[in-house]
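# Examination of the molecular architecture
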Amino acid sequence: MRIIGCDLHARQQSSAMLDTATGEVVSLTLMHEGNNVREFYSKLPRAIRVGFEATGSMQWFLNLMEELGIECQVGHPAKIRVAEPRKQKNDRRDADLILKLLVENRFPSIWPPARELVDLRALLLHRHQWVRLRTRVQNTLQAIALANGLRRGPSLWSQTGPDTLASLPLAPHTAQRRSELQALYAKFEMEIERLNQRVEEQAWERPGAVRLMTHPGVGPITAATDVFLGDPRRFVDGKALAVLWESSRGNTPAEVGNDSVV
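Structure report, in brief. (Residues numbered from 1 in each chain as written. Predicted model: local features only at pLDDT ≥ 70, side-chain atom pairs only at ≥ 80, totals over all residues. Heavy atoms only, no water.)

## Details of the packing of helix H5 (residues 115–147) against helix H7 (residues 172–204)
What counts here: The convention used is that axes are lines fitted to C-alpha atoms, helices contributing only their stretch in contact, and that angles between N-to-C directions extend from 0 to 180 degrees. Helix numbers and strand numbers start at the N terminus; a helix is a DSSP run of H or I with at least 4 residues, a strand a run of E with at least 2. By definition in this entry, angles of less than 35 degrees are roughly parallel, angles greater than 145 are roughly antiparallel, angles of 65 to 115 are roughly perpendicular, and the rest are oblique. Should the near helix be turned anticlockwise from the far one by less than a right angle, the crossing is left-handed, and should it be turned clockwise, the crossing is right-handed. Gly falls in the polar group here, along with every residue not listed as nonpolar (Ala, Val, Leu, Ile, Met, Phe, Trp, Tyr, Cys, Pro) or charged (Asp, Glu, Lys, Arg).
Put simply, H5 and H7 touch, their axes get as near as 9 Å, and they point 150 degrees apart. The orientation of H5 relative to H7 falls into the category roughly antiparallel. The interaxial crossing formed by H5 with H7 has left-handed handedness. Across the contact of H5 with H7, the residue classes break down as 15 nonpolar, seven polar and eight charged.

Encoded structure:
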C-alpha cells in the first residue's frame, strides 16, 4: 500500500509517499497545470491512501481522487498544525508531517461533503450573496430617504413605498443615484425570488429538509440546514451539533459543517 501525505496549494502540491511494503519514502512536487496530477495518481499501483489538510480550492482534487477510486482523507488544518511543535514550516515538512500522522493513525480527519451537497451549497451561497447585496442597496436607499425627510421605516419596501421614494424631490445627482439604486433593488428582488423557488424545489426533494419543515415556522430556506450539516448521524449528540452551529455563526451558509471531526 502507498500512503501519501500531500501539502496541497492552488498551483502545486508537495507530497511525501510511503511504500508500506518496502518502507521507502519518496518526496516529490507536482504542478497542477495540464494533466500532471491525473497522470501521476492514475499510474500508481493500488491500494493508495491520500491525506491533505482542508483548503478552499480542494474540491477539484477530491473529485479527481473519487474518480480514480483513491481513498482520501481531509484533515483539520488547525489540529494538523498543533501536531507540529516547530514554528518553522515549509511545503516538504508539511507533507512529511501529514504522512507521519496518517501512518500513526493520528490524522485529524474531518467530514468532506459529497459532490451533490457541494453543488447545493453553491446554490445557497449564491442566494445568500444576492440577499446581502440587496440589504446594502436597501440601507443606502433608506439613508437617502431619511436625509431628505422621508421616514417610512420598513414600509419603504411596501407596495407603495418605492413610488413614494421615487417621487421625492432631490438634487440631480442624488436623484440619479436613487433611480439607479431602485433599479438594482428591483433586479435583486426578482433574482432572489427566482433563487427562492429553486431552493424550495430542492428542499422538497430532500427527506431531511421535508422533516424540518414539519416544525412550525420552518420554511424551505431554513430547512436548507439539512444541506449545511449533511448526515446528522456523524454527530455524537445534539450538543455536538449545537456547538458546531454556534461556532459557525458569522460564516456563510455554505461554510457550515466543514469543521466537524469524524
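## Description of empty space enclosed by the protein
Just so we agree on the cut-off: Both site types are read off a 1 Å grid over the protein atoms alone. A 1.4 Å probe that fits but cannot get out defines a cavity, while an open set with protein on both sides within 12 Å along at least five of seven lines defines a pocket; lining residues have an atom within 4 Å of a point. Grid points are joined across faces, edges and corners, and a volume is the space filled by probe spheres set on the points.
Under the counting rule described, the total for this entry stands at one cavity of 30 Å³ or more. Of the pockets and cavities examined, the largest cavity occupies roughly 80 Å³. Forming the walls of the largest cavity are Leu 120, Leu 123, Leu 124, Val 199, Gln 202, Ala 203, Arg 206, Ala 209, Pro 220, Ala 223, Ala 224 and Val 227. Of all the secondary structure elements, the ones that give two or more residues to the lining of the largest cavity are H5, H7 and helix H9 (220–223). When grouped by side-chain class, the residues that make up the lining of the largest cavity number ten nonpolar, one polar and one charged.

## Digging into the sheet that holds strand S6 (residues 109–110)
The strands that make up a sheet pair up through hydrogen bonds in the backbone, lying either parallel or antiparallel. The following threshold applies: A strand pair is defined by DSSP finding two or more bridges across the two strands. Every residue pair with non-hydrogen atoms within 4.5 Å of one another is taken to be in contact.
With mixed pairing, the six strands of this open sheet are ordered in space as S3-S2-S1-S4-S5-S6. Every interior strand has two partners, whereas the edge strands, strand S3 (25–31) and S6, have only one. Pairing of strand S4 (residues 48–53) with strand S5 (residues 71–75) involves five bridges; the strand directions are parallel. What sits directly across from Arg 49, in S5, is Glu 71. Its contacts with the sheet put helix H2 (residues 59–68) on strand S1 (2–8), strand S2 (12–19), S4 and S5, and the angle it makes with S4 is roughly 170 degrees.

## Considering a negative patch on the surface
Defined as follows: Here the term patch refers to residues with relative accessible area over 30% and no salt bridge, with like charges joined within 9 Å and nonpolar side chains (Val, Leu, Ile, Met, Phe, Trp, Tyr) within 5 Å. Note that accessible areas follow from Shrake-Rupley with a 1.4 Å probe, and for residues the cover is restricted to the protein chains shown. In the sections that follow, a salt bridge refers to a side-chain nitrogen of Lys or Arg positioned within 4 Å of a carboxyl oxygen of Asp or Glu. Charge assignment in this entry is limited to Lys and Arg as positive and Asp and Glu as negative, and neither His nor the chain termini are counted. Taken as the charge centre is NZ of Lys, CZ of Arg, CG of Asp or CD of Glu, depending on the residue.
On the surface, Glu 193, Glu 200, Glu 201 and Glu 205 cluster together into a negatively charged patch. Turning to its location among the elements, Glu 193 is positioned in helix H7.

## So, the pairing of S3
In the case of a regular strand, side chains alternate between the two sheet surfaces. In this sheet, S3 lies alongside S2 in antiparallel orientation, the contact comprising seven bridges. By the bridge assignment for S3, Met 17 is matched with Val 26. Between S2 and S3, which pair antiparallel in sequence order, lie five residues; one of them, Gly 23, sits at a positive phi of approximately 80 degrees.

## Digging into the nonpolar core
Basically, it comes down to this: We call a set of buried residues a nonpolar core when its members are Ala, Val, Leu, Ile, Met, Phe, Trp, Tyr or Cys and they connect through side-chain atoms within 4.5 Å of each other. For each residue, the accessible area found with a 1.4 Å probe, counting protein chains only, is set against the maximum for its type, and the residue is called buried under 20%, exposed over 50%, and partly exposed in between.
Formed by 27 residues in total, the largest nonpolar core has its most connected members in Leu 124, Val 137, Leu 141, Leu 150 and Leu 165. Of all the secondary structure elements, the ones that give two or more residues to this core are H5, H7 and helix H10 (225–229). No other element matches the ten residues that H5 contributes to this core. With residues near it in sequence (within four places) discarded, Val 137 still touches Leu 181, Tyr 185 and Phe 188. Ranked by size, the runner-up nonpolar core spans 22 residues in total, among them Val 37, Tyr 41, Leu 44 and Leu 68.

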